[in-house]
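Each chain, written out:
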Amino acid sequence: MTRITPCAAVVLAAVLGLAACAQAPAENLSGSAVGGATEVAPAVPATEAPPAVPVDAPAAEDGEAGAPMVPEGITAPADPKGTGKQAGLPGDASADSADAEPGAGLDALGSGDSAAYVAAHNRWRANYGTANVEWDATIAAFAQEWADNQAAAGTMNHRDENPYGENLFSGTAGAYGPDAVVDAWGGEVKDWDLACTGDLEQCCKVEWWNCAHFTQVVWSKTTKIGCGKATSASGNDIVVCNYSPKGNYSGVSPFPPLPTPTPAAATPRPSGAINIPKSPKLAIPDAGEPVRVAINFSGYATKKVNRVRVMVKITHPYAGDLSIKLVHPDGTEVTLRNQSGGNTQNIAEVYGYTGIPIADLAKLVGKPVDGSWTVVVQDHAAEDAGTFESTSVQIEYYNG
């Protein structure tokens, strides 16, 4: 078992993140995992040296608030698929290089790794309706400088006076690639109330700093990222990702507002809703063909889509292998989940209104309700199989 401890910092103004791990008062909320001006306790005591420790923090600007702090460690298995090894970073002291010496040098990310970090972030962002981010070389150089600093010092603290949001991660050298690192941050979604439309303090089901890495990863106003990595003398990789604009502001949802349905010049008033559940219990083949469940809406010829809500329940040992799509009778596809979640087991999620916001569901507004809708699940990677347990499609409609 590898211990993973999410940690956000505390800050005065509006951004979460920073010093790394000490509890801050609820009103001091905001930021990247939190950003701030005042450093709190270091996130990871030198005596702990955990094999894998994600931390998060950005700095705060004038007028900004708060920051998450040091939560209790969360015990989780190391990536069962060896993601870190598959997407190893340059210079990692991996299991394949027995003669590599941890701490012998500080390792910057290569170009392939920058693309992998962007892709890993964008997989998570796509699942929550937020736009893709891009790599920024200036931000990456800033992140690399701090990764070098922390590796040389053998510490894991957030940076003071940080203009960016910041997430930190420490793990055994060579064991965690970009996907595993970002999945560790994103995995905090398990503590997020997906039906909540508020901010970190309102929507995190436990203390808000337990969700702050996740919210920075998916923060809707963030457009650019840059990451750096260095290896400490004790044999841990330190990964720093910085974000611009930074996230986790108090009073702000991490997600974009759902688009207002406008199928006509004036938005019609919804006249009703219909929900059709299915319990197919179909096997999901390992790295195989997609599994399709058809849901037929009949007798709604005069009805048009106002909003859509999809529930999916899947048993699977590695959620990161799976994609989920909803297909309208006219062939329009909407991706609900796209291979995010890493080694999280099973999926029980609601997409659309009252659930995970999916911006592309707006493409279905104004389309006919009548016809055969399809929920499609596919496993894209080898080693694991699962079961498509149940699903339902609920459509709020208006008279068209």
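Observations concerning the overall build of the protein
Point 1. Within the protein, the secondary structure is distributed over 6 helices and 16 strands.
Point 2. When burial is assessed residue by residue, the protein has 55% of its 400 residues classed as buried.
Point 3. Residue pairs in contact within the protein that sit at least 24 positions apart in sequence constitute 78% of those at least 6 positions apart.
Point 4. In the structure as shown, the protein presents an accessible area of about 15400 Å², 50% of it carried by carbon and sulfur atoms.

Topic: the side chain of Asn242
Point 1. Relative to the helices and strands, Asn242 is located in strand 7 (residues 236-244).
Point 2. Look at Asn242 and you get buried, because its relative accessible area is 0%.
Point 3. Within the local environment of Asn242, its side chain forms a polar contact with the backbone oxygen of Gly165, the two atoms lying 3.0 Å apart.
Point 4. Leaving out residues up to four positions away in the same chain, Asn242 has contacts with Ile139, Phe142, Ala143, Asn162, Tyr164, Gly165, Glu166, Lys224, Ile225 and Gly226.

Section: the pattern of salt bridges
Point 1. For the coordinates displayed, the defined rule picks out 9 salt bridges.
Point 2. Among the salt bridges present, the one from Asp191 reaches Lys190, with a minimum N-O distance of 2.9 Å.
Point 3. With its nearest N and O atoms 3.1 Å apart, the salt bridge here joins Arg307 to Glu396. Of this pair, Arg307 sits in strand 11 (residues 303-315) while Glu396 sits in strand 16 (residues 386-399), placing them 89 residues apart in sequence.
Point 4. Classification of Glu396 by relative accessible area gives buried; the value is 14%.

Focus on the sheet that holds strand 12 (residues 322-327)
Point 1. One open sheet accounts for 4 strands, arranged 10-15-12-13; its pairing is antiparallel. The two strands at the open ends of the sheet, each matched to only one other strand, are strand 10 (291-297) and strand 13 (333-338). Strand-to-strand twist across the sheet, computed as the mean angle between neighbouring axes with direction ignored, equals 15°.
Point 2. Bridging between strand 10 and strand 15 (residues 371-379) involves 7 bridges; their strand directions are antiparallel. Bridging across to strand 15, Ile295 finds its partner in Trp373.

Re the state of the cysteines
Point 1. Scanning all chains against the criterion turns up 3 disulfides.
Point 2. Paired through a disulfide, Cys196 and Cys203 show a sulfur-sulfur distance of 2.0 Å. Across the S-S bond linking Cys196 and Cys203, the dihedral sits near -65°, which makes this disulfide left-handed. The same class applies to Cys196 as to Cys203, namely buried.
Point 3. In this model, Cys204 is linked to Cys211 through a disulfide, with the two sulfur atoms separated by 2.0 Å. Handedness here is read from the sign of the S-S torsion; for Cys204 and Cys211, about 75°, the answer is right-handed. Accessibility classification places Cys204 together with Cys211 in one group, the buried group.

Thresholds, definitions, all that
- All residue numbers refer to positions counted from 1 along the written sequence of the respective chain.
- For this predicted model, a pLDDT threshold of at least 70 governs which residues receive local features, and a threshold of 80 or more governs which side-chain atom pairs are given and counted, while totals over whole chains, interfaces and linings are taken from all residues.
- Where side-chain values are given, they derive from all heavy atoms of the structure, hydrogens and water being excluded.
- Runs of E in the DSSP output that reach at least two residues are strands. Runs of H or I that reach at least four are helices, and both are numbered from the N terminus.
- Remark: exposure states derive from per-residue accessible area (1.4 Å probe, protein chains only) relative to the maximum for the residue type, with buried under 20%, exposed over 50%, and partly exposed in between.
- By definition in these notes, contact holds between two residues if any of their heavy atoms fall within 4.5 Å.
- The Shrake-Rupley method, run with a 1.4 Å probe sphere, supplies the accessible areas, and residue values consider only the shown protein chains as cover.
- In the analysis that follows, any N or O atom pair within 3.5 Å is treated as a polar contact, provided that within protein one partner can donate a hydrogen and the other can accept it, and provided that, for residues neighboring in sequence, both atoms belong to side chains.
- The term salt bridge refers to a side-chain nitrogen of Lys or Arg lying within 4 Å of a carboxyl oxygen of Asp or Glu.
- One requirement defines pairing of two strands: DSSP has to find at least two bridges between them.
- Axes here refer to lines fitted to C-alpha atoms; in helices the fit is confined to the stretch in contact. Angles between the N-to-C directions go from 0 to 180 degrees.
- When the sulfur atoms of two cysteines come within 2.5 Å, that pair is taken as a disulfide.

Geometry only, nothing functional implied.
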